[in-house]
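Notes for the structure review
So you can see what is in the structure, the chains are spelled out below.
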Amino acid sequence: MQAIRSTVDLDKATYTNDVGSAELKAVWTDPEFDASQPRVLLRRVLEIPTPRWTLIQAVKAGLPPPDVVPLTGQERAWSSPIW
């Protein structure tokens, strides 16, 4: 899987939401599915990178951003278990 390109402008602590997909639809079939075996599936998604709050606060205050934490973050989500 290819990483999502970051659109974060580190100098302004802004980003644009013009990469990735607005909607995801897929049909997936497990070729090794065996109904006699218990199985749990989860779906995971990644959001596009966005400025971290520490970067936003530093830019608003006119200070250099901290060098001890990442300047951007990438939120994640997952589904309920699919039995």
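Residues numbered from 1 in each chain as written. Predicted model: local features only at pLDDT ≥ 70, side-chain atom pairs only at ≥ 80, totals over all residues. Heavy atoms only, no water.

So, on to unusual backbone geometry. Located in the positive-phi region is Ala13, a residue other than glycine, with phi close to 55°. With respect to the helices and strands, the residue Ala13 is situated in the segment before β1 (44-46). (Helix = DSSP H or I, 4+ residues; strand = E, 2+ residues; numbered from the N terminus.)

Moving on, we get to the pattern of salt bridges. Counted by the stated rule, this structure contains one salt bridge. In this structure, Arg39 and Asp30 form a salt bridge, with 2.2 Å as the shortest nitrogen-oxygen distance. (Salt bridge = Lys/Arg side-chain N within 4 Å of Asp/Glu carboxyl O.)

Before going further, it helps to examine the environment of Ile4. Along the chain, Ile4 turns up in the segment before β1. Setting aside chain neighbours within four positions, we find Ile4 in contact with Val19, Leu46, Ile48, Pro49 and Gln74. (Contact = heavy atoms within 4.5 Å.)

Regarding helix α1 (residues 53-61), the residues found buried are Thr54, Leu55 and Ala58. Buried residues in α1, looked at end-on, bunch into an arc of 100°, giving them a common side. In α1, those exposed residues whose orientation departs by more than 90 degrees from the buried face are Trp53 and Lys60. In this structure, the buried side of α1 is in contact with β2 (50-51). (Buried < 20%, exposed > 50% of the residue type's maximum accessible area, 1.4 Å probe, protein only. Arc of directions from axis to C-beta.)

Keep in mind that these numbers describe shape and distance, not what the molecule does.
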